[in-house]
Amino acid sequence: MTFALQHHRLWAVIPVKDFVNAKQRLSGVLSPRERRALSQAMVEDMLRCLQSLPQLSGVLLVSDDPGAELLAYRYGASLITEARERRGLNAAAAQGAAWLVQAGASHMLLLHGDLPCVQAEDIARVTAGLADATAPLVRLVPDRRGAGTNGLLCSLPAPIPFSYGEQSLQAHRRACQRGSIAAEVMPAPGLALDVDTPADLYVLSSMPSVGGKTARFLDD
């Protein structure tokens, strides 16, 4: 797979938590083996969607999972190992952004790995018009509850600190206000559902568009 080289050099970044310890909030309905299988299936569906998109110059995984190297190789992604002294999504996002600056990227699109309904048109919507952007830019993709940030597109170096956690959408908007940056909130249907709880899993089972590996997991 060869990513198109474009003058704006947009990369996607996916932090990947250790699959063994992923999705603890699903422990009441899924076994450890099932949680690992679901987590990996969703990440693979995300990578498969991203690998052929012409607007991307590359995909970067930030992970300390032993299987991440094989995933990166299989889908043509780059990989950096998550710093053990700086665990967490905010640290992984900052680490990925710093790596991309050194690699000469101009923009990054940070996506969660548990978005199994993502479609190419969702990425196209979020990244539309990026080649014409000249000022520092932040676009935020909300989750289905309007509380979390399931996607974050920004220019590099990152113009705001990453603020994932409870009510991260509002936290990112406040960070933009402090930096006098006009944050764009851009809902995207295929990026709205992240799977963390049994309720999310129930919603996922009724979704019409689910990635192939995740759909097979649900069927099994």
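Residues numbered from 1 in each chain as written. Predicted model: local features only at pLDDT ≥ 70, side-chain atom pairs only at ≥ 80, totals over all residues. Heavy atoms only, no water.

Hey, could you run me through the overall build of the chain in this one?
Along the chain, the regular secondary structure elements total 7 helices and 7 strands. Element order for the chain, N to C, with α for helix and β for strand: β-α-β-α-β-α-β-α-β-β-α-β-α-α. Rg of the C-alpha trace for the chain: 16 Å, near the compact-globule value of 17 Å for 220 residues, within the 12% margin. When the backbone C-alpha atoms are referred to their principal axes, the chain occupies close to 50 × 35 × 35 Å. Counting contacts in the chain only where the partners sit at least 6 residues apart, residues at least 24 apart contribute 67% of the total. For the chain, the accessible area works out to roughly 10100 Å², and carbon and sulfur atoms hold 51% of it. (Helix = DSSP H or I, 4+ residues; strand = E, 2+ residues; numbered from the N terminus. Rg over C-alpha atoms; globule rule 2.2 N^0.38 Å. Contact = heavy atoms within 4.5 Å. Areas by Shrake-Rupley, 256 points an atom, 1.4 Å probe, with all protein chains shown as cover.)

Got a minute to help me understand the sheet that holds strand E1 (residues 10-16) in this structure?
The strands that make up a sheet pair up through hydrogen bonds in the backbone, lying either parallel or antiparallel. In space, the 7 strands of this open sheet follow the order E3-E2-E1-E4-E6-E5-E7, with mixed pairing throughout. One side of each edge strand has no neighbouring strand; the edge strands of this open sheet are strand E3 (78-81) and strand E7 (184-185). As paired strands, strand E4 (residues 107-111) and strand E6 (residues 149-155) are joined by 5 bridges and run antiparallel to one another. Bridge pairing in E6 places methionine 108 opposite cysteine 154. (Pairing = 2+ DSSP bridges.)

What is the right way to read the state of the cysteines from this model?
As used here, a disulfide is simply a covalent bond connecting the sulfur atoms of two cysteines. Under the definition given, this model contains 0 disulfides. Of all cysteine sulfurs in the structure, the one in cysteine 117 sits closest to cysteine 49, which takes part in no disulfide; the separation is 11 Å. (Disulfide = S-S within 2.5 Å.)

Help me out: how do you make sense of the layout of surface pockets in this one?
Vacant regions in the atomic arrangement are exposed by a probe of water-molecule size rolled over the atoms. Each pocket or cavity is described by its volume, and for the largest pocket that value is around 1100 Å³. Around the largest pocket sit 37 residues that line it, and Lys23, Arg25, Leu89, Asp114 and Asp196 are the ones nearest its centre. Where the lining of the largest pocket is concerned, the elements lending two or more residues are E1, helix H1 (32-50), helix H3 (89-103) and E6. When residues of the lining of the largest pocket are assigned to their parent elements, the largest contribution, 3 residues, is made by H1. (1 Å grid on protein atoms, 1.4 Å probe; cavity = no way out; pocket = protein on both sides within 12 Å on 5 of 7 lines; lining within 4 Å. Points joined across faces, edges and corners; volume = space filled by probe spheres on them.)

Help me understand the packing of H1 against helix H7 (residues 212-219) in this model?
A pair of packed helices is characterised by two quantities: the angle between their axes and the separation of those axes. At their nearest, the axes of H1 and H7 sit 7 Å apart, and the two run at 155° to each other. Relative to H7, H1 is oriented roughly antiparallel. On H7, the residues touching Glu34, Ala37, Leu38, Ala41, Met42, Glu44, Asp45 and Arg48 of H1 are Gly212, Lys213, Thr214, Arg216 and Phe217. Partitioned by chemical class, the residues of the contact of H1 with H7 number 5 nonpolar, 2 polar and 6 charged. (Axes fitted to C-alpha atoms, helices over the stretch in contact; angles between N-to-C directions. Parallel < 35°, antiparallel > 145°, perpendicular 65-115°, else oblique. Nonpolar A, V, L, I, M, F, W, Y, C, P; charged D, E, K, R; others polar.)

Hey, could you run me through the pattern of salt bridges in this one?
Close approach of charged atoms allows side chains with opposite charge to pair. Under the definition given, this model contains 9 salt bridges. Between lysine 23 and aspartate 196 there is a salt bridge; the shortest N-O distance is 2.8 Å. Taken as a pair, lysine 23 in the loop between E1 and H1 and aspartate 196 in the loop between E7 and helix H6 (198-205) lie far apart in primary sequence, 173 residues in all. Of the two residues, lysine 23 and aspartate 196, neither departs from the other in class, the shared state being buried. The salt bridge involving arginine 74 is made with glutamate 44; its shortest N-O contact spans 3.1 Å. With arginine 74 in helix H2 (residues 68-75) and glutamate 44 in helix H1, this pair connects stretches of sequence that are 30 residues apart. Members of the salt-bridge network, linked through shared partners, are Lys23, Arg25, Asp114 and Asp196. (Salt bridge = Lys/Arg side-chain N within 4 Å of Asp/Glu carboxyl O. Buried < 20%, exposed > 50% of the residue type's maximum accessible area, 1.4 Å probe, protein only.)

Looking at this structure, I do not really get the side chain of arginine 35. What am I missing?
By secondary structure assignment, the location of arginine 35 is in helix H1. Despite being buried, arginine 35 has no salt bridge partner; glutamate 34 is the closest side chain of opposite charge, sitting 7.4 Å away. (Lys, Arg positive; Asp, Glu negative; His and termini not counted.)

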